[in-house]
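Observations on the model geometry
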Amino acid sequence: MSLGYAEKLSYREDLGSVGMPEMFDSPKLLQGKIEELAIMVQKSKHFVVFTGAGISTSSGIPDFRGPKGVWTLQRAGKGVPDASLPFHRAAPTLTHMALVELERVGLLKFVISQNVDSLHLRSGFPREKLAELHGNSFKEVCPCCKTEYLRDFEIETIGLKDTPRRCTDKNCGARLKDTVLDWEDALPPEEMNSAEEQCRAADLVLCLGTSLQITPACNMPLMSIKNGGKVAIVNLQATPKDKKASLVIHGLVDKVIAGVMCILNLRIPPYIRIDFIQLLLRHTVKKKCVRWTLRVTSIHGVRAPLSFLQSIEVSFPERPDMKPVVLMEQPFSLQRETSMTSKFFMLLTLNFSDGCGCSSSSIECHVNFQNQKESFVRDRGLVLQELKCTAERQCRAGQQSILERESLPRAETSRHAFVTNVVRYDSEDSEDLKGAEPKGSCMDSSSNLTKRHMEDPSGYSATPKKLKS
């Protein structure tokens, strides 16, 4: 989970059991249990997964109750542990991506998550098949029209408070709220109702990386037992529900799930992250000169951070008389004055921040203030799919493509997509998984009611299938 989330939570004395010893099944016993779990998954008719912080630790996000967990160290007076990378750059783990594939082939019907790290949504798991019981640190919601907004930066507050942004619906415009619960906040009714409904219908609930101590969420998996279903638990520590489970596995979640996928002969898809920027080029005519301003901003708003960008180099390769510049501070902005008849080629080199899978990418801009360019909107889904296919084929990040352009007499706005991470997971090497990080990473060396209607990090509204009219 999020370290920021832990720091923002209100004080609570009773955190339950923390720092319990980790247990590891012997290799032979573990392999036998993995095979048993694979058979249970294969035979299931309504398979549901219930996840906790333990499925995200291999992405570099500490858990809460483990030997080096957030609450364990806090109780020992040692403070919050360090994350291995910026929270907003954390990549879904092997387990997250395996769940995407299990859903795609029809085996997995629903995921219930206690995590606020957004890694399920970041992995591409369908929103309409996911219940986020404790909220999402990267999601805010409109309290009036219930539209959800998924961001590429961590929301500033927790506790269902107002955020600095407003709903973009022209008929609404209400102040948005964060979605992450504090200790005294009740579970969001729609998320809770969906989770309970799925657990009652399940013939198998698999609990992954959770101590099953936080109520009322921890009691949900047991609802399947009342209707003849089974519960399986994969966790390194004992849980209060172990005695009621049909199968308990003490092993690394990634290693167990990699083994299950191998037995089921299913490929774990790579994680390919795409980030977005907006370019705005405005100009005013002053006699025979043009005064122009270039701004590079987030698609979530001018004031929203571009967390994946460190700096932007602006150069003019064909114009030695135009001085290049490096923009170091956000919001990135450049002002210049040129001749009205002057045409020039501008190269933007975007230098990515830590946690990205490549160092930079670039955009070429041909500027002619006497000719207005054509406006267009490309098929977003098709463009992003082409980017992902190219990135997977080339096994590197850095590809970019333009999504749309709006040209007005004095302004031009365009949106661009960049592949900033490509991570591969090799399930056939599951014996070597150590749970520290993804197995393979391809790097380029250079009210709480919530309608299931989301705006994703690309800034586009995405309506799940069950809400389509």
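Residues numbered from 1 in each chain as written. Predicted model: local features only at pLDDT ≥ 70, side-chain atom pairs only at ≥ 80, totals over all residues. Heavy atoms only, no water.

Description of the packing of aromatic side chains
As enumerated under the stated definition, the model contains seven aromatic pairs in all. A ring pair is formed by Phe 87 and Phe 138, whose centres lie 5.1 Å apart and whose planes are at 45 degrees; its orientation type is tilted. A residue pair is termed long-range when its members are at least 10 positions apart, and Phe 87 in the loop between helix H3 (70-75) and helix H4 (94-104) and Phe 138 in the loop between strand S3 (130-132) and strand S4 (139-141) qualify at 51 residues. Using a relative accessible area of 15% as the deciding quantity, one classes Phe 87 as buried. Overall, the relative accessible area of 1% leaves Phe 138 in the buried class. Here the aromatic residues Trp 292, Phe 316, Phe 344 and Phe 369 are joined through ring pairs into a cluster of three or more. The cationic tip of Arg 122 hangs over the ring face of Phe 138; the distance from NZ or CZ to the ring centre is 4.7 Å. (Phe/Tyr/Trp six-rings, centres within 6.5 Å; stacked < 30°, edge-to-face > 60°. Helix = DSSP H or I, 4+ residues; strand = E, 2+ residues; numbered from the N terminus. Buried < 20%, exposed > 50% of the residue type's maximum accessible area, 1.4 Å probe, protein only. Lys NZ or Arg CZ within 6 Å of the ring centre and 35° of its normal.)

Description of the pattern of salt bridges
A complete count under the given rule lists 18 salt bridges for this structure. Close ionic contact of Arg 165 with Glu 140 constitutes a salt bridge, the shortest N to O distance being 2.6 Å. Pair noted here: Arg 165 is in strand S6 (residues 162-166) and Glu 140 is in strand S4, with a separation of 25 residues, a long-range link. In this pair, the class of Arg 165 matches that of Glu 140, namely buried. Between Asp 321 and Arg 319 there is a salt bridge whose closest N-O contact spans 2.8 Å. A network of salt bridges, in which partner residues are shared, links Arg 127, Glu 132, Lys 139, Glu 148 and Glu 191. (Salt bridge = Lys/Arg side-chain N within 4 Å of Asp/Glu carboxyl O.)

Some details on the side chain of Asn 421
For Asn 421, the location among the structural elements is in strand S20 (residues 411-424). Assessed through its relative accessible area of 5%, Asn 421 is described here as buried. A distance of 2.4 Å separates the side chain of Asn 421 from the side chain of Arg 89, its partner in a polar contact. Those residues in contact with Asn 421, other than ones at most four positions away along the chain, are Arg 89, Tyr 271, Ile 272, Arg 273, Gly 355, Cys 356, Gly 357 and Ala 397. (Polar contact = N/O pair within 3.5 Å; in protein donor to acceptor, adjacent residues only side chain to side chain. Contact = heavy atoms within 4.5 Å.)

So, the packing of helix H2 (residues 27-43) against helix H8 (residues 253-263)
With their axes 9 Å apart at the nearest point, H2 and H8 run at an angle of 55 degrees to one another. Here H2 is positioned oblique relative to H8, judged by the angle of their axes. Crossing of H2 over H8 shows right-handed handedness. Residues Leu 30, Gln 31, Ile 34, Glu 35, Leu 37 and Ala 38 of H2 pack against Lys 255, Val 256, Gly 259, Val 260 and Ile 263 of H8. Here the residues of the contact of H2 with H8 sort into seven nonpolar, two polar and two charged. (Axes fitted to C-alpha atoms, helices over the stretch in contact; angles between N-to-C directions. Parallel < 35°, antiparallel > 145°, perpendicular 65-115°, else oblique. Left-handed = near helix turned anticlockwise from the far one by under 90°. Nonpolar A, V, L, I, M, F, W, Y, C, P; charged D, E, K, R; others polar.)

Looking at H4
Helical periodicity: at 3.6 residues per turn, an α-helix aligns residues three or four positions apart in one direction. Among the 11 residues that make up H4, 10 are buried, leaving the element largely enclosed by the rest of the structure. Turning to H4, its buried residues are Leu 94, Thr 95, His 96, Met 97, Ala 98, Leu 99, Val 100, Glu 101, Leu 102 and Glu 103. If you follow the buried residues of H4, they end up packed against strand S1 (47-51), strand S2 (108-113), helix H5 (119-123), strand S8 (204-208), H8 and strand S11 (271-286). Positive backbone phi, at 95 degrees, marks Gly 106, one or two positions downstream of H4.

Digging into the sheet that holds strand S10 (residues 247-249)
Read across the sheet, six strands follow the order S3-S2-S1-S8-S9-S10 without closing on themselves; strand pairing throughout is parallel. Since the sheet does not close on itself, it has two edges, and those belong to S3 and S10, each with one partner. Here the strands of the sheet are splayed against their neighbours by 15 degrees on average, with no regard to which way each runs. Lying on the sheet, H2 is in contact with S1, S8, strand S9 (230-234) and S10; it crosses S10 at an angle near 135 degrees. With respect to the sheet, helix H6 (residues 189-201) is in contact with S1, S2 and S3, its orientation differing from that of S2 by roughly 135 degrees. (Pairing = 2+ DSSP bridges.)

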